[in-house]
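Descriptive structure summary
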Amino acid sequence: QVQLVESGGGLVQPGGSLRLSCAASGSAFSINYMGWYRQAPGKERELVANCTSGGHTNYADSVKGRFTISRDNAKNTVYLQMNSLKPEDTAVYYCSAEISTVAGAWRPSDYWGQGTQVTVSS
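Residues numbered from 1 in each chain as written. Predicted model: local features only at pLDDT ≥ 70, side-chain atom pairs only at ≥ 80, totals over all residues. Heavy atoms only, no water.

Where strands meet in a sheet, backbone hydrogen bonds hold them as pairs that are either parallel or antiparallel. Overall, antiparallel pairing links the 4 strands, which are arranged β1-β3-β8-β7 in an open sheet. Of all strands in the sheet, those bounded by a partner on one side alone are β1 (3–7) and β7 (67–72). On average, each strand axis in the sheet is inclined to that of its neighbour by 15°, with strand direction left out of account. Across 6 bridges, the pairing between β7 and strand β8 (residues 77–82) is antiparallel. If you follow F67 over to β8, its bridge partner there is M82. (Pairing = 2+ DSSP bridges. Helix = DSSP H or I, 4+ residues; strand = E, 2+ residues; numbered from the N terminus. Axes fitted to C-alpha atoms, helices over the stretch in contact; angles between N-to-C directions.)

So this is what it looks like as structure tokens:
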């Protein structure tokens, strides 16, 4: 089976930067979609950024111009570069991917990382 492993979260001051990473590992799989979501206390989980199979990227309005999503296909890894961080960005960030596997007869399934905490505070 495929696992998503996230890293890069932590505590940062307003205006600072963090880079999140999410690596997919397993055997006999292909990735159709990768993206980042976040959930703040008392809030719904929301899409932050994603990269479609066609290479198009999408961003939430609240992070547009500050965050950048990128993907390294050779490493099966997606990154989220977060600049000019605000206290409102404080949340648990989750990596998500749509992955097809031989074990699942190549039917696409959604996978989620364990989440990584990002706290923006002075």
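After presenting the structure, the write-up continues.
A separate point is the nonpolar core. The tendency in soluble globular proteins is for nonpolar side chains to be buried side by side. Formed by 30 residues in total, the largest nonpolar core has its most connected members in W36, L80, M82, Y93 and I99. Mapped by element, the contributors of at least two residues to this core are β3 (18–25), β4 (29–39), β5 (46–51), β7, β8, β9 (91–101) and β11 (116–120). Tallying contributions element by element places β9 first for this core, with 5 residues. (Core = buried A, V, L, I, M, F, W, Y, C linked by side-chain atoms within 4.5 Å. Buried < 20%, exposed > 50% of the residue type's maximum accessible area, 1.4 Å probe, protein only.)

Moving on, we come to the state of the cysteines. This structure, assessed with the given rule, holds 1 disulfide. Across a sulfur-sulfur distance of 2.0 Å, C22 and C95 are joined as a disulfide pair. When the S-S torsion is -75°, as for the bridge of C22 with C95, the disulfide is left-handed. Placement of the pair is C22 in strand β3 and C95 in strand β9, with a sequence separation of 73 residues. Each of the two residues, C22 as well as C95, counts as buried. The thiol of C51 is not disulfide-bonded; the next cysteine sulfur, from C95, is found 12 Å away. Using a relative accessible area of 13% as the deciding quantity, one classes C51 as buried. (Disulfide = S-S within 2.5 Å.)

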